[in-house]
Amino acid sequence: MTASSTDAGIQAHRVTFDSAGETLAGSLYLPGHGDPSPGLVIAGPWRTVKEQVPSVYAELMARRGFAALAFDFRGWGQSSGRPMRMEDPFSKADDIVAAAAFLAGRPEVIARGVGGLGVCAGSGYLARAAALSDTIRSVALVAPGLPSHPTVVAEVGGEAGVAAIERLAHDAREAYDRTGQETLVTAVPATPESTVAGADYYTNPQRGLVPAWDNLFNPASWTSWLTFDAQDAAPHLTAPLLVISSDAAVSPSSVRQFIAKVPHPVEQIWIPGVPQFDWYDQPGPTGLAADAVAAHFDATLR
């Protein structure tokens, strides 16, 4: 295990752990005090790697006294697993369960003190993981993407859009089965003029355009994505839950719909006017979120 340090004494250790027979690569951020702390699994937005949003929040939480794990899902970044670059909500939720089990066994983490922090699409995966695993004892979701299946269908253009991307998924999977090679396409057009949501984040080397991210996506992912309903986990969540979002962020109606289905009171913080991608890395929104998340986990994990 290798480590690097920040100016605040935070140490970032390179770690690996197993999930479904694959080796997942992570960065475990530890606070400078050296005592066992609550451990947090960080799940970031779709099509991303640990050096993007997960590491931003992992360092913020380590600065606030938590052991925080940013990691690459199987088939992404430095983790093993094929087909590569699959946005599979079900396998990603399983990877989060494995990450929580890994944290729970670390000497730097206090007993029964593991929580999960999800950002954007990672919130849906984390919610599913928390519903599956008693190891995740508290949950915080920041700018969560929690679409229902009907919402996803509407976003891709209705049944005609579903049929089109199902064909893409079928062709990509058939080509992989035949040749052993993934069909990989550009995830976000890499020009600042792009009108794709988040282009200002993903095309900026000072933000999301980091060397570790190859900007690729496997269209075979659509098979899993179209059958995933992030709302399904809500009725099964028993862990304390904090939700932080904005009406200017992604699908606030879906977020409220999810909250209404959770069978216990949910702590909510709504910050006016903060767009989705500012929650990824901008100091103001991420700092506000980290402070609130720290208070939530201090109350529920220590």
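All of these numbers come straight from a predicted model, not from anything done at the bench.

**Student:** Would you explain the nonpolar core in this entry?
**Tutor:** Within soluble globular proteins, side chains that are nonpolar generally end up buried alongside one another. Core analysis: the largest hydrophobic core is formed by 94 residues, its most contacted members being Tyr57, Ile96 and Val142. Look past the residues within four positions of tyrosine 57 in its chain and what remains in contact with it is Ile42, Leu117, Val119, Val142, Trp279, Tyr280, Thr286 and Ala289.

**Student:** Mind showing me how you'd approach helix α5 (residues 158-179) here?
**Tutor:** A turn of α-helix holds 3.6 residues, and therefore any two residues three or four places apart point the same way. Taking 1.5 Å as the rise per residue, α5 with 22 residues should run 32 Å; its terminal C-alpha atoms sit 32 Å apart, in good agreement. When we look at burial in α5, the residues that qualify are Gly158, Gly161, Val162, Ile165, Ala169, Ala172, Ala175 and Tyr176. Buried residues along α5 cover an arc of 160° about the axis, so they all sit on one side. What points out from α5, more than 90 degrees from its buried face, is the exposed set Glu159, Ala160, Arg167, Asp177 and Arg178. Elements in contact with the buried residues of α5: α4 (149-155) and α7 (222-225). Count one or two residues on from α5 and you reach glycine 180, which has phi positive near 80°.

**Student:** Help me understand the pairing of strand β2 (residues 11-19) in this model?
**Tutor:** Regular strands place their side chains on alternate faces of the sheet. Relative to strand β3 (residues 22-30), β2 is paired through nine bridges, and the arrangement is antiparallel. Its bridge partner lying in β3, histidine 13 is registered against leucine 28.

**Student:** In this structure, what is going on with the pairing of strand β5 (residues 67-71)? I would like to understand it.
**Tutor:** Taking burial as the measure, the five residues of β5 include five buried ones, the bulk of the element. The side-chain alternation of β5 yields two buried faces, one formed by Ala67, Leu69 and Phe71 and the other by Ala68 and Ala70. Relative to β5, strand β4 (residues 37-43) runs parallel, the two sharing four bridges. Its bridge partner being in β5, leucine 40 is matched across the sheet by alanine 68. In this region the chain leaves β4, passes through helix α1 (residues 53-63) and returns to the parallel neighbour β5; the handedness of that crossover is right-handed.

**Student:** For this particular structure, what's the right way to read empty space enclosed by the protein?
**Tutor:** A probe matching the size of a water molecule, rolled over the atoms, marks out where space remains unfilled. The full count for this structure, using the stated rule, is one cavity of 30 Å³ or more. Quantified by volume, the largest cavity comes out at close to 50 Å³. If you trace the largest cavity, you find it lined by Ile42, Ala43, Gly44, Pro45, Thr48, Val49, Lys50, Pro54, Phe71, Phe73 and Lys92. Here the lining of the largest cavity is composed, by residue class, of seven nonpolar, two polar and two charged.

About the thresholds
- Residues numbered from 1 in each chain as written.
- Predicted model: local features only at pLDDT ≥ 70, side-chain atom pairs only at ≥ 80, totals over all residues.
- Heavy atoms only, no water.
- Core = buried A, V, L, I, M, F, W, Y, C linked by side-chain atoms within 4.5 Å.
- Buried < 20%, exposed > 50% of the residue type's maximum accessible area, 1.4 Å probe, protein only.
- Contact = heavy atoms within 4.5 Å.
- Helix = DSSP H or I, 4+ residues; strand = E, 2+ residues; numbered from the N terminus.
- Expected span 1.5 Å × (residues − 1).
- Arc of directions from axis to C-beta.
- Pairing = 2+ DSSP bridges.
- Right-handed = clockwise from strand over helix to strand, strands pointing away.
- 1 Å grid on protein atoms, 1.4 Å probe; cavity = no way out; pocket = protein on both sides within 12 Å on 5 of 7 lines; lining within 4 Å.
- Points joined across faces, edges and corners; volume = space filled by probe spheres on them.
- Nonpolar A, V, L, I, M, F, W, Y, C, P; charged D, E, K, R; others polar.

Such coordinate-based values are descriptive only and should not be taken to indicate function.
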